[in-house]
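Geometric and topological summary
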Amino acid sequence: MKKITLIIFFIFINMIAFNTTSYAEEISDFQIEGFALGESLQDYYNEEDIIKIKRDNFVQTHKIKGDEYIEILFENEKDISLDSFERLSLLLDNDNIIYAISSDSEIKIKQCIKIKDEIQKDIEKIFWRAKTVFDDWNKNKYGQYYFLAMEFDDGYAGVSCYKKGWLQMVVAFKNIL
């Protein structure tokens, strides 16, 4: 069952590094595959490894609100050992600070919707100030998908379930959206 429902959504993003009775208020309290917003890539890798990562992986430059960011795409087992997802993307500023994290994996739509519902309940419980700002079907160039967007004081978290069979999780700081 697709890595036991993505290892119960990677034990809900490592339980946000809190136990279930703790409360969090900031989007930077989220962790996806061990990475958190606002942290530096240097918290995970030395400078030599960062240069190699940028050289050996798909890297794309983005200009957002006048500032330049780079996006690095990691693929599981090829580039990095991921616990729950097949791909992970990090959006970094020039100082290698993480501003957005995106991850995705193939999964059946019914299973994805169920995971999305569990994530929403967990977010509402742990991140008590988070507000649901969108929770409905949508459509883009990739097809129909169910999208949940939750707003925090300093960012957004989103879960998308695509009918074509994949789940995407995104967290980002507000100042880049």
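Keep in mind the model is a prediction, meaning the values are calculated, not measured.

Consecutive side chains of a regular strand alternate in pointing toward one face of the sheet and then the other. As defined by bridge partners, strand β1 (residues 58-64) adjoins strand β2 (residues 67-75) across seven bridges and the pair is classed as antiparallel. Counted as the bridge partner of valine 59 is isoleucine 72 from β2. Remark: two residues form the turn of the hairpin made by β1 and β2, two consecutive strands paired antiparallel; lysine 65 in that turn has positive phi of roughly 50 degrees. Note: β2 against strand β3 (residues 87-92), six bridges, orientation antiparallel. In the strand pairing of β3, phenylalanine 74 is matched with leucine 88.

Moving on, we get to the pattern of salt bridges. Counting across every chain of the model gives eight salt bridges. In this structure, the salt-bridge partner of arginine 55 is aspartate 56, at a minimum N-O distance of 3.0 Å. For aspartate 56, a relative accessible area of 37% gives the class partly exposed. Across the pair aspartate 153 and arginine 129 runs a salt bridge whose closest N-O atoms are separated by 2.1 Å. Of this pair, aspartate 153 sits in the loop between β6 (143-151) and β7 (155-162) while arginine 129 sits in the loop between α3 (109-126) and β5 (131-140); the two residues are 24 residues apart in sequence, bridging distant segments of the chain. Looking at aspartate 153, the relative accessible area reads 47%, which means it is partly exposed.

Attention shifts here to the confidence of the model for the chain. Overall, the predicted model of the chain reaches an average pLDDT of 83, with 85% of residues at or above 70. Within the model, pLDDT remains below 50 along residues 1-22, and this stretch shows 48 contacts once partners closer than five positions in the same chain are excluded.

What follows concerns the packing of aromatic side chains. Using the criterion set out here, one finds 10 aromatic pairs in the structure. Relative to phenylalanine 147, the ring of phenylalanine 134 lies with its centre 5.9 Å away and its plane at 40 degrees, an arrangement referred to as tilted. Residue phenylalanine 134 is found in strand β5, and its partner phenylalanine 147 is found in strand β6; the two are separated by 13 residues along the sequence. Considering the side-chain rings of tyrosine 145 and tyrosine 162, the 4.8 Å spacing of their centres and the 25 degrees angle between planes classify their relative orientation as stacked. Of this pair, tyrosine 145 sits in strand β6 while tyrosine 162 sits in strand β7, placing them 17 residues apart in sequence. Summarising the burial analysis for this pair, tyrosine 145 and tyrosine 162 share the class buried. Connected via pairs of aromatic rings, a cluster forms that spans Phe134, Tyr142, Tyr145, Phe147, Tyr162 and Trp166. Of note, lysine 163 hangs over the ring of tryptophan 137, and the distance from its end group to the ring centre comes to 5.2 Å.

Take the environment of tyrosine 145 next. Using a relative accessible area of 10% as the deciding quantity, one classes tyrosine 145 as buried. Along the primary structure tyrosine 145 and lysine 163 are separated by 18 residues, whereas in three dimensions their C-alpha atoms are 5.7 Å apart. Contacts of tyrosine 145, omitting those with residues within four sequence positions, involve Asp136, Trp137, Asn138, Lys139, Asn140, Ser160, Cys161 and Tyr162.

Burial within strand β8 (residues 166-173) is extensive, with six of its eight residues counted as buried. Sheet topology note: the strand β4 (residues 98-106)/β8 ladder contains seven bridges and is antiparallel. Following the sheet pairing, serine 102 is matched in β8 by valine 170. The pairing of β7 with β8 spans eight bridges and is antiparallel.

The rules we used
- Residues numbered from 1 in each chain as written.
- Predicted model: local features only at pLDDT ≥ 70, side-chain atom pairs only at ≥ 80, totals over all residues.
- Heavy atoms only, no water.
- Pairing = 2+ DSSP bridges.
- Helix = DSSP H or I, 4+ residues; strand = E, 2+ residues; numbered from the N terminus.
- Salt bridge = Lys/Arg side-chain N within 4 Å of Asp/Glu carboxyl O.
- Buried < 20%, exposed > 50% of the residue type's maximum accessible area, 1.4 Å probe, protein only.
- pLDDT = per-residue confidence, 0-100.
- Contact = heavy atoms within 4.5 Å.
- Phe/Tyr/Trp six-rings, centres within 6.5 Å; stacked < 30°, edge-to-face > 60°.
- Lys NZ or Arg CZ within 6 Å of the ring centre and 35° of its normal.

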